[in-house]
Amino acid sequence: MNTEKAAKISWNPNGIHTLAKLQIDAQKYRDCLIGWGDSVINMPEKIDFLEADTITELCDWLQVEEETAEMLRQTAARILSEPNLKAYVWHMYYRLKALSLSTGCSHASFANWPLPEFSLGKYAQTVPALVMLGGLKLARQKYREERYEESIIKDTLRIYGADLDRKRRANGVPTILLNSLNWVRVYMAARLVELGRFNYKLMEDFKAGVVLKNRRTGTKQMLAPDGAKYNSAGFMLQENDPLAEGGWVSEYSENAGYYYGNPVSPKGFALKEVRRYAKEEWEKILEPGDILIDMHIPAGGGMTPERCLDSFRKAVEFFTEKYEGKFKPVFICHSWIFNTQLEEKLPESNLAKLMQQCYLFPASSYGQDGVFFLFGQVTVNPADAPRDTSGRRAVLEILESGQRLRSGGMLLFAEDLEHFGTAFYRRTCG
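In this report, we go over the structure that sits alongside the text.

Looking now at the overall build of the chain. Along its length, the chain carries 16 helices and 15 strands. Against the globule reference of 22 Å for 430 residues, the chain gives a C-alpha radius of gyration of 25 Å, in line with a compact fold. Along the longest, intermediate and shortest principal axes, the C-alpha atoms of the chain span 85 × 50 × 45 Å. Looking at the chain as a whole, 51% of its 430 residues are labelled buried. Sequence separation of at least 24 residues holds for 70% of the intrachain contacts in the chain that already meet a minimum separation of 6. Carbon and sulfur atoms provide 49% of the accessible area of the chain, an area that totals close to 20,500 Å². For the chain, the separation between the mean place of its 54 positive charges and that of its 55 negative charges on side chains is 1 Å.

This is the structure:
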C-alpha cells in the first residue's frame, strides 16, 4: 500500500484522538480544540508554510541566519512526516488566520496551548515560530495588496527574523513566546507599520480623557476621563485595588459655557481638584473616540531623541499621505514603558528623555507591568532575577522597595514636534 495513503488511513481526524497521539491531555487543554472541525476540513494536502522551499524563501527575505533556517526546515519536515503533528500545527495556524465557524467566532489566545514535546522534544519550541512564518507570509501579501512600499514592508516584518536568530543563539532553538503569537494578526491585517525607530497604526482612543487648547496661547490641558478611580498620588487604581483613604473618583462634564474636570499633569498624574475652563477661552481638541496614531516600541536600544523625532516625522508624513482627513495627527501610547517610576529611576536614560517630551497621563495597570517584556515571564522574583540591563535593574529595585509597577500613557501632538527636545508640555501646561 502507498505509504502516504496508509498514513491518511491511520490518522483519526477527531481532535481528542490527535491530542492523545501527541501525549497531550485533551481534558486539560480542551480549549485549544475550539474550531478543530473547521480547521480539519480546510486542511490542504500540501501545507505551504511547512514546505522547505517556502521556509527558505521567507527566511532569506527576513534575513534569517542559515543555521536558524535549517532548524526550521528540519522541524517542519518532521511535522509533515507525522499526520497528528501535521494536523495540530495546521490547526494552530488556522486559528491564527481564521475565525472558527464550528464553535464560536472568537480568535484564539495561544498563551496556554501545549506544544508537542513528546513528538519533537526541545524542537517543539520551534512550532510557534513556524506558525508565525505562515502568518508573516500572509501579512506580506496583505501589505503588498494595500500597496505599501516593499522597503517599508521589509522594515516592518524583519524584526521577527532578528528575533528568531536571537532566540536560537540564547536557547538553542528558534522560537517565539506563545502568548505573543496573537500579535502577528495585527501584521496579517496590514495594520502596523515600522517607520524609523517605532511602529505605528491608527486606532480610536477611549481612555485618555479630553484635551483642551487655549484659544489665545495654544496651551494644552488634559482632563481625566469621567469616573476613573485614582489613589492619593493621582495614579489610576490597579486591578482589584479598593478605593483607599485619600483615593478619589474623577469627574468630567460640560455645559454651554464651561468644561469641568480634573486636570492631568503632563508629568503623568491627575489632580484631585475639579477645575472649570471657560469655552470662550478653551476649545476641545481631543475626546474619546477620536482616531489617533497609536505608537508601539519594538525591542532594542538606540532610542535617542534624534531617532525618536525622525520616526515621529516619518509617521506624520506617511499617515497624512495615506489617510488624510481620517484621523487626528496626535501620537498616543499606553505602555509599561511610560511608567513614571522608570523616569525617576533612570533620569538620564533615553527613555526618560522621551517621556519629558510627551504629555504623560495615568493608565490602568496590574502591578507587574513590564515584567513579561523584560524577563519573559508573568512574575519575577527579585532575589534571583537577572540584572544585566538598566531597565531590569530599575524594575527590580522598584519591586524590592515594596512598590507595585505601573503602566502609563503619553500624547504628543504633531503640531508640537517643532518644540521637541524642550520639554514643551512641562513648561507650558498645567
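Once that is clear, we can look at the sheet that holds strand β4 (residues 220-223). The sheet built from four strands is open, its strands ordered β9-β4-β3-β11 with antiparallel pairing. Sheet topology places β9 (263-264) and β11 (282-286) at the edges, where each strand pairs with a single neighbour. With two bridges connecting them, β4 and β9 associate as antiparallel partners. For Leu223, the partnering residue across the bridge sits in β9 and is Pro263.

Below, the discussion takes up the sheet that holds strand β10 (residues 275-278). Strand order in the open sheet formed by three strands is β7-β8-β10, and the pairing between neighbours is antiparallel. Both edges of this open sheet fall to β7 (252-254) and β10, since each of them pairs with a single strand only. Going from strand to strand, the sheet's axes swing by 15° on average, the running direction of each strand aside.

Before going further, it helps to spend a moment on helix α15 (residues 390-400). Turning to α15, its buried residues are Arg392, Ala394, Val395, Leu396, Ile398 and Leu399. Its buried side turned inward, α15 meets α12 (340-345) and α14 (371-375).

Before going further, it helps to examine the environment of Arg185. By the element assignment, Arg185 lies in helix α10 (residues 184-188). Arg185 sits in the buried class, given a relative accessible area of 15%. C-alpha separation for the pair Arg185 and Arg158, spaced 27 residues apart in sequence, amounts to 16 Å.

Next up on the list: the side chain of Ser119. Here Ser119 shows up in helix α7 (residues 117-120). Leaving out residues up to four positions away in the same chain, Ser119 has contacts with Leu22, Arg78 and Leu85.

Moving on: the pattern of salt bridges. Across all of its chains, the model carries 27 salt bridges by this definition. Across the salt bridge formed by Arg73 and Glu70, the nearest N and O atoms sit 2.8 Å from each other. In this pair, Arg73 and Glu70 are both assigned in helix α5 (residues 66-80), three residues apart and thus about one turn of the helix distant. In this structure Glu70 comes out as partly exposed when scored by relative accessible area, which is 30%. Lys167 is the partner of Asp163 in a salt bridge, and the nearest nitrogen-oxygen pair spans 3.3 Å. Remark: Lys167 and Asp163 occur in helix α9 (residues 150-171); sequence separation between them is four residues, near one turn of the helix. What makes Asp163 buried here is its relative accessible area of 17%. For Lys167, a relative accessible area of 21% translates into the label partly exposed. By sharing partners, the salt bridges in this structure join Glu65, Glu67, Arg168 and Arg169 into a single network.

Calculation criteria
- Residues numbered from 1 in each chain as written.
- Predicted model: local features only at pLDDT ≥ 70, side-chain atom pairs only at ≥ 80, totals over all residues.
- Heavy atoms only, no water.
- Helix = DSSP H or I, 4+ residues; strand = E, 2+ residues; numbered from the N terminus.
- Rg over C-alpha atoms; globule rule 2.2 N^0.38 Å.
- Buried < 20%, exposed > 50% of the residue type's maximum accessible area, 1.4 Å probe, protein only.
- Contact = heavy atoms within 4.5 Å.
- Areas by Shrake-Rupley, 256 points an atom, 1.4 Å probe, with all protein chains shown as cover.
- Lys, Arg positive; Asp, Glu negative; His and termini not counted.
- Charge placed at Lys NZ, Arg CZ, Asp CG, Glu CD.
- Pairing = 2+ DSSP bridges.
- Axes fitted to C-alpha atoms, helices over the stretch in contact; angles between N-to-C directions.
- Salt bridge = Lys/Arg side-chain N within 4 Å of Asp/Glu carboxyl O.

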